[in-house]
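Coordinates in review
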Amino acid sequence: MIHHEPRVILYDLETSHNLAAVFSLLHNDYIQPENIIRERYIICFSYKELGEKQIHAVSILDDPKRFKHDPYDDTYVVTKLHEVLFGADVLVAHNGDNFDLKYAKTRMLVRGLPPLPPIPAIDTLKVAREQFLFNANRLDYLGNLLKVGRKKPTTTGLWLRILQGDAAAIREMV
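Overview of the structure. (Residues numbered from 1 in each chain as written. Predicted model: local features only at pLDDT ≥ 70, side-chain atom pairs only at ≥ 80, totals over all residues. Heavy atoms only, no water.)

**Structural notes on the packing of aromatic side chains**
Formally: Note on aromatic pairs: the rings of Phe, Tyr and Trp (six-membered ring only in Trp) are paired at centre separations within 6.5 Å, and the planes decide the class, stacked below 30 degrees, edge-to-face beyond 60, tilted for the rest. A run of H or I in DSSP counts as a helix once it spans at least four residues, and a run of E counts as a strand once it spans at least two, with each numbered from the N terminus. Type-normalised accessible area, obtained with a 1.4 Å probe on protein chains alone, sets the label of each residue: buried when under 20%, exposed when over 50%, and partly exposed for intermediate values. A ring is scored as having a charge over it whenever the NZ atom of a lysine or the CZ atom of an arginine sits within 6 Å of its centre and within 35 degrees of its normal.
A full pass over the atoms with the stated rule returns four aromatic pairs. With a centroid separation of 5.8 Å and an interplanar angle of 65 degrees, the aromatic rings of Tyr-41 and Tyr-72 are classed as edge-to-face. Within this pair, whereas Tyr-41 is found in the loop between strand S3 (36–38) and strand S4 (42–49), its partner Tyr-72 is found in the loop between helix H1 (64–69) and helix H2 (75–86), the two being separated by 31 residues in sequence. Seen from their ring centres, Phe-99 and Tyr-103 are 5.8 Å apart, and the 10 degrees between their planes marks the pair as stacked. Placement of both Phe-99 and Tyr-103 in helix H3 (residues 96–110) is noted, with a separation of four residues, approximately one turn of the helix. Judged by relative accessible area, Tyr-103 falls into the buried class, the value being 6%. In this structure, Arg-38 packs its charged tip against the face of Tyr-72, placed 3.5 Å from the ring centre.

And the structure:
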């Protein structure tokens, strides 16, 4: 019998905002779905296989023809994400159960891709909350406290520049 190590994929998504029409910022009223001008989409994702050094990143800029035609079209990113996750034995993400994996599956459905098979997942946010009593469970705080790295800060206005299809802003996000 041949034994192989499980393929453990560590990943993270970056998504855009929804673009919606609102009457006022004074009240936090429910926004009707018909007021959504543009649905949020996956800007990019990064992943690495546990035990390997290289971190891979895929973004909407990786399909220049599609980006030029529609800078909000995440078909290429979602297709690549589907390929990466489909081949995994285990998935690891911070807040992966409540956001990353659910949203990835949503975009895969919208893009007409087949469902992912059941894949065991480890949500490091859940682990932090359930197993420890840190002062905060944010990824940047935990990485700094545990001396394994910090999140890269985003510059002021980055998200809005991405909403405008600014390729330099997208490269900065990646």
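**Some thoughts on the side chain of Arg-38**
Defined as follows: Each polar contact in these results corresponds to two N or O atoms within 3.5 Å; when the atoms are within protein, one needs to be able to donate a hydrogen and the other to accept it, and residues that are neighboring in sequence are counted only if both atoms are side-chain atoms. We call two residues in contact whenever any of their non-hydrogen atoms come within 4.5 Å of each other.
Structurally, the position occupied by Arg-38 is in strand S3. From its side chain, Arg-38 meets the backbone oxygen of Leu-163 in a polar contact 2.9 Å long. Apart from the residues within four sequence positions on either side, Arg-38 is in contact with Asn-18, Leu-19, Tyr-72 and Leu-163.

Geometric values such as these leave the question of function open.
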